[in-house]
Amino acid sequence: MKLKRTRTFWFISAAWMMLFIIIFTASRTILLNSFNELEIILAKDNANRVYTHLLTRLEYISHITTEGSYWDAAFHFMKNHNKKFIEENFNRDEFLEAKLNYVAFISNHNKIIWGKGYDLSRKAYKPLPYELKKILTRANLTLEHKSKLNDLYPAQSGFSGIININNQLVLISLDRIYDENEDYPSNGILMYGRDLTPLYMDALSKNMGFNVAIVPLNKENQGVGVRKAITTLGEEGKQKFIYINDEKTLSVYQSIKNIDHEPVALLRINIPRHLYLQSKKTAVQNMVLLIIFSMIGVISMIVIIYIFFKKQESITGAFERFFPKEFVKLLNKADIEDIAVGNSKKQNITILFTDIRNFIGLSERLTSNACFEFINEFLSYLAPAISRHDGFIDKYIGDAIMAIFHKENNSANDAVDAAIEIINQLRIYNAAREVKNQDPINIGIGVNTGNMMLGIVGDGKRLNGTVISDTVNTASRIESVTKIYQSCILISEQTYGQIDKEAYSIRFIDRVMLKGKHIETPVYEVYDNDSEKVREQKEETLRDYLVAWELYNKQESDKAIAAFKSIIEKSPEDNAAKAMLDKCQQQKSKN
């Protein structure tokens, strides 16, 4: 085994070194040869940022146009042409706040009812440009063909896009005017617009951190980059064109189209290159540091791997999933490797058994995979309650759990506390099943306390931890009789004698002849999980129940029947009383 570990260690070490050499060589080649591509990618990303900004601005104009078009006041203005509406809602402050250059109201007959322009930099009104008026006189036609004309931003209810007015680009948005509830047909069109002035582009450049400009589609008096961009974007149909001006800057060009899907200008972004050139130098320096730290990392990994194989922590962890570490500690062993056949210990402990009622009927309706998924999901809700109360699961028996509680002088209390929490967790699980339209699950829990032998059995090759005592069988048998009394939790007299009786809602139920026994065993019900109403009813009838049971025990059937019927009238949900009433009636029929 040691030789095999050594070979594995050196094989992994060599593989790590070889992998490091390959990665280093490949990274150096890719890094040094790919900076031009990285530069282009970053340039395109910056171009997309600018384009997204313009889209966002156009989206904003489109949004406020849509809001204004569903405005009762605007709808009434189109009917009565009330000047007061204009004076109150489209003064200088409104233009400045909305950052708009143009507002116009157009009738369904393409007549401009009212329109005004505003210079945001000079803070002065200006008339609507003649070219804009021409476009507005075909506003209805534009809206009817919006799906074809809307190139830059697809507005949801109207139309938005770019127009060219005297070599000045304008963002405009049109939408039909309705009343707020759309009770009446549209009676006009609302238009908002914003100039893309040089001042606007300068502010955008400052915000982006590089120069942004709009270039006319005119090859005359233009540089080589612009002429090539016009040719490439126009004739070849590409979306972006990148031109390296010199060692200091490169430019990204993108075509801007108007509402008729015709190119009207170029969007040019000038990006400094000195950052990328410096990055190439810095990257080489960083690779040297990477070599140093990578070597340290490889050496550290080799040491970690060696320690890993030396300690075999993962193997021990895997064993503990099948063999509880608590069982190992109970045998006073430090590690699972220390256990051997014959290790044993006698101790007073408490056993908890829980089982699903009618599991066979449930499993017959499930596929094998679904059955295992159900059991694992069920156990994931219930099992943690055991560990939270200082217990551990000794074994899973199909759908059943056998748990051990070993804390000295408190194992019985721990087991009962765990049983109560298990029922609470079951209700949470059933609530989750109800959401999925699945039937609720019912379980029974049996608890018993006594002296037991814990130890290791096996033939040396195959070992198993086990508990040997009649106490285990009794706990299992008590769980089985929970079905008779329809009780969630039943405990033995031995457990009852060791718990803190003031801490629980508990009562005597019956003396039962358990399978394999020759003497009747007293059993007690823990009913803390019942509703407050049921608990109060059981408390009120506690003495009556004992009197009725004594009558049953003396075989005074008629009196016992009357007594249990009286209890059921006072406590209709007392399933144990109902079970005892059945036993009394059976007793009477035999007598």
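Report follows, based on the coordinates. (Residues numbered from 1 in each chain as written. Predicted model: local features only at pLDDT ≥ 70, side-chain atom pairs only at ≥ 80, totals over all residues. Heavy atoms only, no water.)

**Overview of the sheet that holds strand E6 (residues 189–195)**
Read across the sheet, six strands follow the order E3-E2-E1-E6-E5-E4 without closing on themselves; strand pairing throughout is antiparallel. Because the sheet does not close on itself, it has two edges, and the strands there are strand E3 (124–126) and strand E4 (159–165). Going from strand to strand, the sheet's axes swing by 25 degrees on average, the running direction of each strand aside. Here three bridges tie strand E2 (residues 112–119) to E3, and the two strands are oriented antiparallel to one another. Within E3, the residue paired with aspartate 119 across the bridge is alanine 124. (Pairing = 2+ DSSP bridges. Helix = DSSP H or I, 4+ residues; strand = E, 2+ residues; numbered from the N terminus. Axes fitted to C-alpha atoms, helices over the stretch in contact; angles between N-to-C directions.)

**Things to note about the sheet that holds strand E8 (residues 240–244)**
Spatially, four strands are ordered E7-E10-E9-E8 in an open sheet, and the strand pairing comes out antiparallel. One side of each edge strand has no neighbouring strand; the edge strands of this open sheet are strand E7 (211–216) and E8. Ignoring strand direction, the axes of neighbouring strands in this sheet form an average angle of 25 degrees. Where strand E9 (residues 249–257) and strand E10 (residues 263–272) come together, nine bridges link them in antiparallel fashion. Residue pairing in the sheet places lysine 257 in a bridge with proline 263 of E10.

**Thoughts on the nonpolar core**
Counting residues in each nonpolar core, the largest one holds 64 residues, and the members touching the most others are Phe374, Phe378, Ile441, Ile443, Ile445, Ile491 and Phe564. Apart from residues no more than four positions distant in its own chain, isoleucine 445 is found in contact with Leu352, Phe353, Thr354, Ala419, Ile422, Ile423, Glu479, Thr482, Cys488, Ile489 and Leu490. Membership of the second largest hydrophobic core comes to 43 residues, among which are Leu58, Met201, Leu204 and Val264. (Core = buried A, V, L, I, M, F, W, Y, C linked by side-chain atoms within 4.5 Å. Buried < 20%, exposed > 50% of the residue type's maximum accessible area, 1.4 Å probe, protein only. Contact = heavy atoms within 4.5 Å.)

**Description of the layout of surface pockets**
The computed volume of the second largest pocket comes to approximately 440 Å³. At the level of elements, helix H16 (411–435), strand E18 (521–526), helix H19 (532–540) and helix H22 (575–590) are the ones that each hand at least two residues to the lining of the second largest pocket. In terms of residue count, the dominant contributor to the lining of the second largest pocket is H16 (four residues). (1 Å grid on protein atoms, 1.4 Å probe; cavity = no way out; pocket = protein on both sides within 12 Å on 5 of 7 lines; lining within 4 Å. Points joined across faces, edges and corners; volume = space filled by probe spheres on them.)

**Brief notes about the pattern of salt bridges**
In this structure the tally under the stated criterion is 18 salt bridges. As a salt-bridge pair, glutamate 377 and lysine 436 come within 3.3 Å of each other at their nearest N and O atoms. Taken together, the residues glutamate 377 in helix H15 (residues 368–387) and lysine 436 in the loop between H16 and strand E14 (443–458) connect sequence positions 59 residues apart. Assessed through its relative accessible area of 28%, glutamate 377 is described here as partly exposed. Note on lysine 436: relative accessible area 47%, which makes it partly exposed. Where glutamate 421 meets arginine 388, a salt bridge forms, and the shortest distance between an N and an O atom there is 2.5 Å. Of this pair, glutamate 421 sits in helix H16 while arginine 388 sits in the loop between H15 and strand E12 (391–397), placing them 33 residues apart in sequence. (Salt bridge = Lys/Arg side-chain N within 4 Å of Asp/Glu carboxyl O.)

**Focus: the packing of aromatic side chains**
What describes a pair of aromatic rings is the distance from one ring centre to the other and the angle between the planes of the rings. Counting across every chain of the model gives 23 aromatic pairs. Centre to centre, the rings of phenylalanine 90 and tryptophan 114 are 5.8 Å apart; their planes meet at 40 degrees, and the pair counts as tilted. Separated by 24 residues along the polypeptide, phenylalanine 90 in the loop between helix H4 (83–89) and helix H5 (92–98) and tryptophan 114 in strand E2 bring together distant segments of the chain. Here phenylalanine 90 and tryptophan 114 have matching classes, each one buried. Judged by centre distance (6.4 Å) and plane angle (15 degrees), the ring pair of phenylalanine 359 and phenylalanine 374 falls under stacked. Residue phenylalanine 359 is located in helix H14 (residues 359–364), and its partner phenylalanine 374 is located in helix H15; the two are separated by 15 residues in the primary sequence. No difference in accessibility class separates phenylalanine 359 from phenylalanine 374, as the two residues are buried. The structure contains a cluster of three or more aromatic residues connected by ring pairs, namely Trp71, Phe77, Phe85, Phe90, Phe105 and Trp114. Taking the ring centre of tyrosine 125 as reference, the NZ or CZ of lysine 116 above it sits at 5.5 Å. Just above the ring of tyrosine 527 sits the side chain of arginine 507; from NZ or CZ to the centre is 5.9 Å. (Phe/Tyr/Trp six-rings, centres within 6.5 Å; stacked < 30°, edge-to-face > 60°. Lys NZ or Arg CZ within 6 Å of the ring centre and 35° of its normal.)

**A few points about the side chain of histidine 389**
Position of histidine 389 among the secondary structure elements: in the loop between H15 and E12. Within the structure, histidine 389 has its side chain in polar contact with the side chain of glutamate 421 (distance 2.7 Å). Among all residues touching histidine 389, those that are not within four sequence positions of it are Phe405, Asp414, Asp417, Ala418 and Glu421. (Polar contact = N/O pair within 3.5 Å; in protein donor to acceptor, adjacent residues only side chain to side chain.)

**Overview of H16**
Taking 1.5 Å of rise per residue, the 25 residues of H16 would be expected to cover 36 Å, and the 36 Å separating its terminal C-alpha atoms lies within 8% of that figure. In the stretch just after H16, asparagine 437 is the one whose phi turns positive, near 60 degrees. (Expected span 1.5 Å × (residues − 1).)

**A closer look at the packing of helix H20 (residues 542–553) against H22**
Close contact between H20 and H22 brings their axes to 11 Å; oriented N to C, the two are set at 20 degrees. Considering the angle they form, H20 stands roughly parallel to H22. With respect to the hand of their crossing, H20 and H22 are arranged in left-handed fashion. Seen from H20, the contacting residues are Tyr545, Trp549 and Tyr552; seen from H22, they are Ala576, Ala577, Met580, Lys583, Cys584 and Gln587. (Parallel < 35°, antiparallel > 145°, perpendicular 65-115°, else oblique. Left-handed = near helix turned anticlockwise from the far one by under 90°.)

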